[in-house]
Structure formats: C-alpha cells, structure tokens
Amino acid sequence: MSGDEQGFTPNEMMITQSARWLEGEKICFVGVGMPNIAVNLAKRTVSPDIQMVYEAGVFGAEPARLPLSIGDPTLVTGAIAVMSQFDLFAFYLQAGLIDVGFLQGAEIDRYGNLNTTVIGSYESPKVRLPGSGGACEIAINARRVFVIMPQKQRSFVEKIAFQTSPGHLADREAEAARDWIGEGPYVVITDLGEYRFDEDSGEMMLVSMHPGVTLEDIRANTGWEMKVAPDLQITPAPSADELRLIREELDPEGIYSR
Amino acid sequence: MSGVSKVATMHDAVAALVRDGDTVAIEGFTHLICFAAGHEIIRQRRKDLTLARMTPDVVYDQMIGAGVASKLIFSWLGNPGVGSLHAIRRRIEKSNPAPLEIEEYSHFGMVSRYTAGAARLPFFPLRSYEDSDIPRVNDKIRRVDSPYGDGPIAVVPPLNPDVAIIHAQRADEEGNTQIWGLLGSQKEVAFASERVIVVVEEVVDASVVRADPNRTVIPGIKVDAVVEQPLACHPSYVQGYYDRDNRFYLAWDAIARDAEVFDQWLKDWVYDLTTHEDYIEKFGDAYWDALRPTGEALSGSVDYGQYA
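Since the structure is predicted, the reported quantities are computational estimates derived from the model, not experimental observations.

**Q** Is there a simple way to explain the overall build of chain A in this structure?
**A** Along the backbone of chain A there are seven helices and 14 strands. For a compact globule of 258 residues, the expected C-alpha radius of gyration is about 18 Å, and chain A comes in at 18 Å, within 12% of that figure.

**Q** Teacher, can you tell me more about the interface of chain A and chain B here?
**A** Put simply, an interface is often sized by how much accessible area is lost when its parts join up. Taken together, the contact pairs 36 residues of chain A with 41 residues of chain B. Mapped by element, the contributors of at least two residues to the side of chain A that touches chain B are helix 3 (85–94), strand 9 (125–128) and helix 4 (135–141) of chain A.

**Q** For this particular structure, what's the right way to read the sheet that holds strand 10 (residues 144–148) of chain A?
**A** Residue and element names in this part refer to chain A. With mixed pairing, the 10 strands of this open sheet are ordered in space as 4-3-2-1-5-10-11-12-13-14. Among the strands making up the open sheet, the edge pair consists of strand 4 (81–82) and strand 14 (227–234). One ladder, built from two bridges, connects strand 11 (residues 185–189) with strand 12 (residues 193–197); its direction is antiparallel. Residue Val188 lies in a different strand from strand 12, and its bridge partner there is Tyr195.

**Q** Is there a simple way to explain the sheet that holds strand 6 (residues 142–145) of chain B in this structure?
**A** Residue and element names in this part refer to chain B. Pairing in this open sheet of three strands is antiparallel, and the strands run 5-7-6 from one edge to the other. This sheet does not close on itself; its edge strands, each paired only once, are strand 5 (124–126) and strand 6. Sheet twist, expressed as the mean angle between neighbouring strand axes with direction ignored, is 50°. Bridge count for strand 5 against strand 7 (residues 152–156) is three bridges, and the pairing is antiparallel.

**Q** What is the right way to look at the nonpolar core in this model?
**A** What tends to happen in soluble globular proteins is that the nonpolar side chains get buried as a cluster. Counting 156 residues, the largest nonpolar core has Phe29 of chain A together with Cys34, Ala37, Ile165, Ile197, Val198 and Val199 of chain B as its most contacted members. Residues lining this core come from more than one domain, with at least three contributed by each of domain 1 (10–108 + 159–289) and domain 2 (122–156) of chain B. Ala106, Val118, Ile160 and Ala161 of chain A belong to the second largest nonpolar core, which has six residues in total.

**Q** What exactly am I supposed to notice about helix 4 (residues 86–94) of chain B here?
**A** Counting along an α-helix, one turn takes 3.6 residues, and residues three or four places apart therefore face a common direction. Of all the nine residues making up helix 4 of chain B, seven are buried; the element is thus mostly covered by neighbouring parts of the structure. Among the residues making up helix 4 of chain B, those that are buried are His86, Ala87, Ile88, Arg89, Arg90, Arg91 and Ile92 of chain B. Buried residues in helix 4 of chain B make contact with strand 9 of chain A together with helix 3 (57–66), strand 4 (101–104), helix 9 (246–257) and helix 10 (259–271) of chain B. Following helix 4 of chain B by one or two positions, Ser95 of chain B adopts a phi angle in the positive range, close to 50°.

**Q** Could you clarify how one ought to interpret the packing of helix 3 of chain A against helix 5 (residues 107–119) of chain B in this entry?
**A** Packed helices, taken two at a time, are described by the angle their axes make and the gap between the axes. Contact geometry of helix 3 of chain A with helix 5 of chain B gives a least axis separation of 10 Å together with a crossing angle of 115°. As helix 3 of chain A runs across helix 5 of chain B, the sense of the crossing is left-handed. Contacts between helix 3 of chain A and helix 5 of chain B involve Gln85, Phe86 and Phe89 of chain A on the former and, on the latter, His107, Phe108, Val111 and Thr115 of chain B. For the contact of helix 3 of chain A with helix 5 of chain B, the per-class residue count stands at four nonpolar, three polar and no charged.

About the cut-offs
Residues numbered from 1 in each chain as written. Chains lettered and ligands numbered in written order. Predicted model: local features only at pLDDT ≥ 70, side-chain atom pairs only at ≥ 80, totals over all residues. Helix = DSSP H or I, 4+ residues; strand = E, 2+ residues; numbered from the N terminus. Rg over C-alpha atoms; globule rule 2.2 N^0.38 Å. Contact = placed C-beta atoms within 7 Å. Pairing = 2+ DSSP bridges. Axes fitted to C-alpha atoms, helices over the stretch in contact; angles between N-to-C directions. Core = buried A, V, L, I, M, F, W, Y, C linked by C-beta atoms within 7 Å. Buried ≥ 20, exposed ≤ 12 C-beta atoms within 10 Å, placed from the backbone. Domains from an automatic or database assignment. Left-handed = near helix turned anticlockwise from the far one by under 90°. Nonpolar A, V, L, I, M, F, W, Y, C, P; charged D, E, K, R; others polar.

And the structure:
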C-alpha cells in the first residue's frame, strides 16, 4: 500500500492523479472534498484555464479558501456568474456545457454504476445514505464522469444495493443507442489504482497501480474478478511541486488530503 | 404608492401561516436557510407537517427530530461537508421515535417540481433517471413520449407547498425581496407556494428596491408576511452579512448522533428560548463577530438611466 513511508498519502495520490486527468478539460462540475482540491490543483498545474462549476449555482468560481460545503460564500465572491439552480441544471448541465463531472459512491460495480442511496433494502435500510443530489443527472449529462473514491471489498462490489447513478452497459449496442450527452464513467481513481472502461465489455479495467500497490492488494479490495490491462502501468508518484501545492496552498490543514 | 405593511414577528407569522398538516418548504441551498423559522415551528409544536427541501440540512434534522413532521420530500439527505443527519436517519432506519415517510428525487428533479409548481404546469420534463433505481422507488417520476417524436423523457409533477419560508438579505414592507449570492430555488419555491413568509436581515425602504430592480427575486404580491430577523440563518449564512458556521455543522454530528444529547440541545436552544433574539444573546457578541466577513467585496454599480 502506498503511504507515508513513500512521502505521500493515499489521498494525495488520488488528488494528484485526478488533477492530471483534467489536462485539456475546460469546464468541470466540482464536488467538495478531494474533487475540489483536485480541480484547484489542475488549475495551478496542467489546466490553468479550467472553469469550476458548483451545483449550488456558480460558474467560474475562484475560491479564496477551501470550502467545507459546496455552497460556501467564498465560491460566490469573484465568480464569473451566479445563477438559480434551475439555470445551472437546465442550461449548463443538461445542455451539455459540462466537460467533466466528479462522482463518488458508497458502492460501485464493474460497469461504474454508483450507489449513494442505501445499504440494505430501500424500504428498511441498514444505512440510509444521502441519495442522488445532482449525481443522477451528472452521470447522464456531463460529457465525462470521473469517479474518485476509496477502494474496499465493501465498496467495489459485484452487485450494488441501489443504482442511484447509471454507468456503462454490458450490452454495448444498447449503450450506443442511449443517445445521452454524456459518455459515462471515463476514469475511476482510487487509493490503490486507476481504472478505465473496456470498450468491448463496458467493464472496469485496471490500467495503473499506485506506487507500492500490488495486484494482490487490488484483488483483495475488489468484489469481482477485475480485468487488468495488458500494458499495466505504475502511476507516477506525486511530484514535489504537486505535494507542495496541496500541503501549502490547497489543504494546509490536511482535512481531505491527509 | 406604498401598500399595506406585511411586517410581522416570527412568532405571529408562523402562528398565522403555518398549520398542522401543511406542506412546508424552508428552502435555500446552503445559503439563506432560515433556521430561526424552523425553531419557531418547533416551539409552536406544529405536527404532521410534510417538509420539502432539496437538502434537508441540519434545520430539518432539528425539526424532524423534534417531531413536527411525518413526511420528507428531498433530493440529498446529509450534513453538507460533514456526513449524516442522524435524527432523520434514526426515524428512517429504526422508526425511532416514529417512522418517517420519504419521497425522493434528484436535485434537478426537485428544481423541476418547484418550477412546474411555480408555472402551474402539469409536469416538467428533464433528462435524468434513465437506468436509475430512483423511479422504481418513487412512482411520481414517470416517462412520457415526446409528442414531437424525440423519444421518451422523464417527467416530474409540480410541487406546490402550502407555505414557503424564504430568507433574503432585504425586502421592503410589502415583501418585494432582493437576494444576492447563491439563489438556490428561492424564486421557484416562492412562486410555487400558496403562502409565503419572507425573513430578511433588513427591512428597507421601497426606494432601495426600486433603485436596483434586477436584484428583486420575489415580488411582494407573492408574499404574506415579512419578518425582520438578523442572524436568522445561523448556522447557515447570508452572503455579505455573516459566514457559514462550519464549526456548528461539524459539532452537530455529535449532538444529533445521540438522541438524549439531541433532546437536551433542543431544550437549551429552542424550547427554553422565546425568540431568536434569545438565541443570539445566548451565543454572545464575540461569537457573532467571528462570523462576520473578513472584508468588503462591493459590487460595482450600473446605470439604469432616467427616461422621464
């Protein structure tokens, strides 16, 4: 497992690798926590012109501090536009202006379907989770979905308890016929590795392991037989500059990155 | 030109306009959530309410834990940036102390319901819910075929609350209401509702509203009562007036996790107090000073022009 002995935390690895994937992306729908730090890191490294959109109704935010919530007042001051949530969901997201949306879940399956609703049955849940929020429409209408979440046996599961947000379909023709603006989950970044989706099967496929992680770690933390890319890579460790930006500027208290 | 003043106290506005069994929406997305109104509804011991909100937030955890509601309509159930709403979870997961009926949507579904309600439309179409289990557990989310041959699309019905409670920076005595910062669905829910209570940091002269009409979000014709109550959103916030009290949101997790601690909090901070002024005093001036913005960020001004 990657860890402090290597000079960075698993969360710093996830944040850094997510930021790298934002190179070339222009408009990003941001959530709180690690996605927020990742997008701000991308803005300072690979993607200086990226525009941050928050579901609270903000386009082009320039947060002066790390927001705890997606509705922090620092997102408003200095933004390009603040709009009603109808405008945000209808004219920005549904109309296809969002290049990347970040999602996470309590559970994910091999097709990138996500559960943020319940563990157990819906009618008498063992754990009641927050539900969709904007996730269901982000999954369908953002051009690409980046999933960033920790990987465990209980989160990478054969069958999710509730399908809050749709991912890919095993029936590739049916997926092609969906006619959605979004192409669905594009990359999944966990504390162990990085995954893409196989064109032929629609299934998640390990493409890169983070430094210090083994295939045994991946298998021990996946509830199905994970496909592995033939040219499996090792993720480059966070650079000194990436770590400095996270630790000194973006999350100095280490709330989301330690 | 000035009409009848609608200015009322929080006590009187809630007593007159919020009734047992009502569907009530205290909206505001992170910003402008009127906790003081929620506390007053608890103090007046309303019961059997249906509470609607996109993000129930801590205010509905307090109200639902206090037992004023039997049903919740929502799209994201959590303590933003912190975790769970434990009082609501107790009712959903353990029916403790009583079951809670839920009806859930996605954010855009809730916004669309308010929009249909505001425009008095029979339904509203949106591109969501495909290959999702949400419609399976909520049969109000349906699919129709576009009459123009564009295939099926999800639709949601209008939501027309009996009462909306909207916080804003300012309004005049007739209820012409101005908001800046995050707008949430304040306009949509106000137009959708049968009765509207507007709570503001400041009641201003009508000339202040007329000097900047583009900033008016809700017209007085939709408003039944105007309550002037500074700091009414704490621990939520009002852009330009006070910051979100993130420490309170973090602290709430431990308070709500334990039903006895929760009940004690309600006693100390709601039932034993008479008005929101008592709540403000109980925290003390230093507490509020620490929540003020660290500096000004004035908007520019625009010239509307005179056209005599």
